[in-house]
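# Structure at a glance
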Amino acid sequence: MAIYGIIGAMDSEVQNLIARMTDTRPVEVAGRLFTQGKLAGQHVVVVKSGIGKVAAAITAQMLVDRFGVTALINTGMAGGLDTRLAVKDLVVATGAVQHDFDLTAFGHAPGYMHGEDDSRPTVFEADKALCHLALAAAEQVLPAGSKAITGTIASGDIFVDDSDLKAHIIRQFDAAATEMEGAAIAQTACANGVPFAILRVISDLAEHQANVSFDELEVYAGQLAGDITVAMLKA
């Protein structure tokens, strides 16, 4: 039986999903409320991880160990890096990298964690079938004027609102968007042999006053990300 573990970092990224669930059974573990039940006809466990890579990785591992999920979906918001992106667009990750992981003192590339080629960052590859479903769902749900693209998600324990840091992440990782959880979920999924997908609605453009844009669009972007996730499950 397929069980989808759905992770959002904040209330605004999971409340819309939990409200639509049926046969709900909440379970609290390690300060996190895991809501089991059905969503769009699928067996799911929805949980708010909290912000940051450590919180996300802990949550993802609990979904695998305690709830036996067979796939992980990370849904929520991100800062746009790709020049094609505007606020309210969507990025479906082809892979995820940790932009703040730094072993350059030992001659490795920024973002390198392991593997044979230490001249490149370590990118955890998303499941192609789930990505295809997410893109198809986005075509149904995105409002007129918004678009969906694929690309690398760059995660780090910092909210990017600085043009220099934004330029660095684009230059080093050729990333489409940046946020604070996806790559940790991706690493956990890959370690456990569990397929994953990351869906991120663009809430800001990761530069000066990104925090203002984020605050204004948080509820809208969280709702839209949830709508796309539901359409993905229906497919």
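Throughout what follows, the structure given in this document is the object of discussion. Worth saying up front: this structure is predicted, and the values here are computed from it rather than measured.

As a further point, take the overall build of the chain. Helix and strand counts for the chain stand at 6 helices and 10 strands. In terms of overall dimensions, the chain is globule-like: its C-alpha atoms have a radius of gyration of 17 Å, near the 18 Å expected for 235 residues. The principal-axis extents of the C-alpha atoms in the chain amount to approximately 50 × 40 × 30 Å. Taken over 235 residues, the chain has a buried fraction of 54%. Relative to all contacts within the chain whose residues are 6 or more apart in sequence, the contacts with residues 24 or more apart total 76%. Per element, the accessible surface of the chain, about 10200 Å² overall, is 51% carbon and sulfur.

Bringing the environment of A2 into the picture now. For A2, the position within the fold is in the segment before β1 (3-8). As for A2 and D157, which are separated by 155 residues in sequence, their C-alpha atoms are 31 Å apart. Beyond its immediate chain neighbours, meaning those up to four positions away, A2 contacts H43 and T70.

Here helix α2 (residues 53-67) crosses helix α5 (residues 182-191) at 35°, and the two axes come no closer than 8 Å. Like other packed secondary-structure pairs, α2 and α5 cross with a definite hand, here right-handed. The residues of α5 that touch α2, namely those facing K53, A56, A57, A60 and Q61, are A184, I185 and T188. Across the contact of α2 with α5, the residue classes tally to 5 nonpolar, 2 polar and 1 charged.

What counts and how
- One numbering rule holds for all chains: residues counted from 1, following each sequence as written.
- With the structure being a predicted model, the display of local features is reserved for residues of pLDDT at least 70 and the display and counting of side-chain atom pairs for 80 or more, all residues being used for whole-chain, interface and lining totals.
- To get the side-chain values, all heavy atoms of the structure are used, and hydrogens and water are removed first.
- For the purposes of this entry, the term helix denotes a DSSP run of H or I that reaches at least four residues, the term strand denotes a run of E that reaches at least two, and both are numbered from the N terminus.
- Radius of gyration: C-alpha atoms only; globule rule: 2.2 Å multiplied by the number of residues to the exponent 0.38.
- Only protein chains enter the accessibility calculation, which uses a 1.4 Å probe. A residue is then buried if its area is under 20% of the maximum for its type, exposed if over 50%, and partly exposed in between.
- Contacts between residues were defined by any pair of non-hydrogen atoms, one from each residue, lying within 4.5 Å.
- For accessible areas, the Shrake-Rupley method is used with a probe of radius 1.4 Å. Any residue's cover is judged against the shown protein chains and nothing else.
- The angle between two axes is taken between their N-to-C directions and runs from 0 to 180 degrees, where each axis is a line fitted to C-alpha atoms and a helix contributes only its stretch in contact.
- Left-handed describes a crossing whose near helix is turned anticlockwise from the far helix by less than a right angle; the clockwise case is right-handed.
- Just so you know the grouping, Ala, Val, Leu, Ile, Met, Phe, Trp, Tyr, Cys and Pro go in nonpolar, Asp, Glu, Lys and Arg go in charged, and all remaining residues, Gly too, go in polar.

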